[in-house]
Amino acid sequence: MHNYHVIDDFKAYQKHQQNLAEILRGAAEVTCSLNMSKEKELSELSTKVQNDTFKVMVTGTFKNGKSTFINALLGEEILPAYALPCTAVINEVKYGTEKRAVLHFRNPLPDPLPERLADKAVQHMNKHKGSPIPPFEIPYDEIEDYVVIPVGADEKQIKLQSPYEKVELFFPLELLKNGVEIIDSPGLNEDETRTRVTMDYLPKVDAVLYVLNANAICAGDEMKFVQNDLRGNSIDSVFFIVNRFDQIRSREQPQIRQYAELKLKEFYPKPELFCISALHALDGRLDHNEALVEQSGMIPLERRLTEFLTKEKGRAKLASPAKQVRQILSRETLEVVIPRERKLLESSLDDVKQRYESIKPRLKAATAKKEQQQAEMATKIERSCRKFERLAKRSMADIINSVPVWIEEFTPATSLGAIPSKAKTEQVIKDLSEYLKDKLSETQADWQKNVLLPEIEEEANAIFSGAEKDLSKIFKEIDDINVELTGEHYSANRFLYGSV
Ligand SMILES: Nc1nc2c(ncn2[C@@H]2O[C@H](COP(=O)(O)OP(=O)(O)OP(=O)(O)O)[C@@H](O)[C@H]2O)c(=O)[nH]1
Ligand SMILES: [Mg+2]
């Protein structure tokens, strides 16, 4: 029964994961078509959502005790932790039945390379020169040779970018099962190069353990990071660790906690806050001193983390990115796209207005010319109509005059005789009217063909040949004006005569 629930939950989770990935893909397309700049952020989010690991990054100001805290979790001094700025490379601690370490190289490698590099790494890089350097297994108790800022090296050397992208550390810790990764990162605000290493990794993480220093609680830079980089990027799953609590006198401890809570509430309404001594927790574990571990405050934090990483990580994995995508899109739309499009519209509208103003006189003249032309044409057509009317009247008069002649010419087929019978008379009248009808239509057809049509043709030619030339000149002028006005080819002729 219990298993059914787990499978159902997992299926539901996968469905949410797919949906969110789909939304992210769609959002990336929208941003692309709107020419928005957040495409990279969205594709990073998409990779994060589809990734089946759960990355918990331990971050905070340099020397606050991040590496010591992870060592305390592991119960072993694996990550280098010293009083001097120390961690230079990302360390991903993940589950493995055996302890091992794998070194990954940047592609491309930075140029120039720092001078002091472990011999083994140099040999490996030389072996693969000219191609991406493949990951390389290193003894897990030698990671110090790779991930630490070289002590004593000159200032320029310390600022150079490391050739190592990250170290993967495999460790048999129960908490890391099911894809959980704890990431140790270079401290913030120690040096630009190393702060960037941490900041570049931040978009990949699903939760953050933010390590503060009880001795300088919630310093300005730390709060800026909380505001801009954690809250500002909708990273919801944040656990605040106030470390070095052993250095605070016990009577001051409640105030420190209260103060930290108050400051963090500004950005996280219910901050999950743990006051610990990572050093005591580590020492206690190394010396099997349960009382010291108990005192260190580490146990409640581990309990809460275990609960979060077993019961809440599915929701946490999808909830933040879902919020982030909305935030990225709305921020970008509100702050960049809309103002940009509005500016573009405003400027093009102003531009069009200006062009319209300058072109107005020409447009007016062309329109007036067109109207004048149309009026002239209408007059000419009117005049021609009257001419045709006159012609028709004249032809009618000719016909009327011709009728007596036609009657004269008519020879009846039937002779009437001296005393014409009624039937004969009727026959002759019928024949005569047939004859006159034929004559009339013959004459009319003749007139239409030989007089009217040539006349119409002549008139039409006179009206249109001149007008066509003038009109096409005017339409061309209107077309030109429109091109100037809109920057687009549009044809006045096409609008008047329909598309060709
Ligand atoms: N007293 C005390 N010292 C601590 C505690 N945690 C860490 N330290 C010491 O502080 C120093 C720095 O610790 P690290 O773990 O290297 O700090 P970090 O944050 O990883 O430092 P970077 O990697 O350089 O950013 C070491 O000397 C630790 O022993 C603590 O809870 N109490
Ligand atoms: Mg460190």
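Residues numbered from 1 in each chain as written. Chains lettered and ligands numbered in written order. Predicted model: local features only at pLDDT ≥ 70, side-chain atom pairs only at ≥ 80, totals over all residues.

A.B. asks: I would appreciate a short explanation of the overall build of the protein in the present structure.
C.D. replies: Helices and strands together make up the secondary structure of the protein, namely 14 helices and nine strands. A total of 500 residues make up the protein; the buried ones form 25% of that total. Within the protein, residue pairs in contact and separated by at least 24 positions form 76% of the contacts whose partners lie at least 6 positions apart. (Helix = DSSP H or I, 4+ residues; strand = E, 2+ residues; numbered from the N terminus. Buried ≥ 20, exposed ≤ 12 C-beta atoms within 10 Å, placed from the backbone. Contact = placed C-beta atoms within 7 Å.)

A.B. asks: Looking at this model, I keep getting lost on the confidence of the model for the protein. Mind explaining?
C.D. replies: When pLDDT is averaged along the protein, the result is 83; 86% of the residues meet or exceed 70. Confidence drops under pLDDT 50 across residues 488-500; counting only partners more than four residues distant or on other chains, this segment forms 10 contacts. (pLDDT = per-residue confidence, 0-100.)

A.B. asks: Which parts of the structure should I look at to understand the site of ligand 1?
C.D. replies: Around ligand 1, 21 residues are found, and the nearest of them are Gly65, Thr68, Ala81, Thr87 and Gly187. Of all the secondary structure elements, the ones that give two or more residues to the shell around ligand 1 are helix H3 (66-74) and helix H10 (278-286). The biggest single contributor to the shell around ligand 1 is H3, with three residues. (Near = placed C-beta within 6 Å.)

A.B. asks: I tried to follow the packing of H3 against H10 on my own but got confused; where do I start?
C.D. replies: A pair of packed helices is captured by two measures, namely the crossing angle of their axes and the spacing between those axes. For the pair H3 and H10, interaxial distance at closest approach is 8 Å and the crossing angle is 35°. Here H3 runs over H10; the crossing is left-handed. Within the contact between the two elements, H3 uses Thr68, Phe69, Asn71 and Ala72 and H10 uses Ala278, Leu279, Ala281, Leu282 and Arg285. (Axes fitted to C-alpha atoms, helices over the stretch in contact; angles between N-to-C directions. Left-handed = near helix turned anticlockwise from the far one by under 90°.)

A.B. asks: Just checking my understanding: could you explain the environment of Val167 for this structure?
C.D. replies: Inspection of the secondary structure puts Val167 in strand E5 (residues 164-171). Separated by 63 residues in sequence, Val167 and His104 place their C-alpha atoms 6.1 Å apart. Once residues lying within four places of it in the same chain are set aside, the contact partners of Val167 are Val89, Asn91, Ala101, Leu103, Ile143, Tyr146 and Val147.

A.B. asks: In this structure, what is going on with the nonpolar core? I would like to understand it.
C.D. replies: Nonpolar side chains in soluble globular proteins generally cluster together in the buried interior. By size, the foremost hydrophobic cluster in this structure holds 66 residues, and its most contacted members are Val167 and Ile241. Here the element with the most residues in this core is strand E7 (residues 207-213); it accounts for six residues. Judged by nonpolar contacts, the second largest core, of seven residues, contains Leu20, Leu24, Leu42 and Ile328. (Core = buried A, V, L, I, M, F, W, Y, C linked by C-beta atoms within 7 Å.)

A.B. asks: Please explain the environment of Gly232 as it appears in this structure.
C.D. replies: Along the chain, Gly232 falls in the loop between helix H8 (220-231) and strand E8 (238-243). Sequence separation between Gly232 and Phe267 is 35 residues, and the spatial gap between their C-alpha atoms is 9.2 Å.

A.B. asks: Hey, could you run me through helix H7 (residues 192-201) in this one?
C.D. replies: Since the α-helix turns once every 3.6 residues, residues separated by three or four places project in the same direction. The set of residues buried in H7 consists of Arg194, Val197 and Thr198. Angular distribution of buried residues about the axis of H7 spans 90°; they occupy a single face of the element. Facing away from the buried side of H7, by more than 90 degrees, are the exposed residues Glu192, Arg196 and Asp200. Contacts from the buried residues of H7 go to strand E1 (54-59) and strand E2 (90-95). (Arc of directions from axis to C-beta.)

A.B. asks: Please clarify how the pairing of E2 should be interpreted in this entry.
C.D. replies: Strand residues, when the strand is regular, have side chains that alternate between the two faces of the sheet. Of the strand pairs in this sheet, E2 and E5 are connected by six bridges, and their pairing is parallel. The residue bridging Tyr95 from the neighbouring strand is Phe171, located in E5. Bridge count for E2 against strand E6 (residues 180-184) is three bridges, and the pairing is antiparallel. Paired with Asn91 across the strands is Asp184, a residue of E6. (Pairing = 2+ DSSP bridges.)

A.B. asks: What is the right way to read the sheet that holds E8 from this model?
C.D. replies: Strands pair in a sheet through their backbones, by hydrogen bonds, and they do so in one of two ways: parallel or antiparallel. As summarised here, the arrangement of the nine strands in space is E4-E3-E5-E2-E6-E1-E7-E8-E9, forming an open sheet in which the pairing is mixed. Strands at the two margins of the open sheet, each flanked by one partner only, are strand E4 (136-138) and strand E9 (272-275). Here the strands of the sheet are splayed against their neighbours by 25° on average, with no regard to which way each runs.

A.B. asks: What should I look at first to understand the pairing of E8 in this one?
C.D. replies: Pairing analysis gives six bridges linking E7 to E8, with the strands arranged parallel. From the neighbouring strand, Leu212 faces E8, where its bridge partner is Val242. Crossover connection from E7 via H8 to parallel E8: handedness right-handed. As paired elements, E8 and E9 share four bridges and run parallel to each other. When the sheet's bridge partners are listed, Val242 is paired in E9 with Cys275. Tracing the backbone out of E8, into helix H9 (residues 253-265) and back to the parallel element E9 gives a crossover that is right-handed. (Right-handed = clockwise from strand over helix to strand, strands pointing away.)

A.B. asks: Looking at this structure, how should I read unusual backbone geometry?
C.D. replies: The phi angle of most residues is negative, glycine excepted, and most peptide bonds adopt the trans form. Each neighbour pair has its own omega, and for Asn107 with Pro108 the value is 0°, a cis peptide bond. Looking at where Pro108 falls in the secondary structure, it is placed in the loop between strand E3 (100-105) and helix H4 (119-127). Of the consecutive residues Asp111 and Pro112, the connecting peptide bond is found in the cis state with omega at 5°. Topologically, Pro112 is positioned in the loop between E3 and H4. Non-glycine residue Asn189 carries a positive phi angle of around 65°. Locating Asn189 in the fold gives a position in the loop between E6 and H7.

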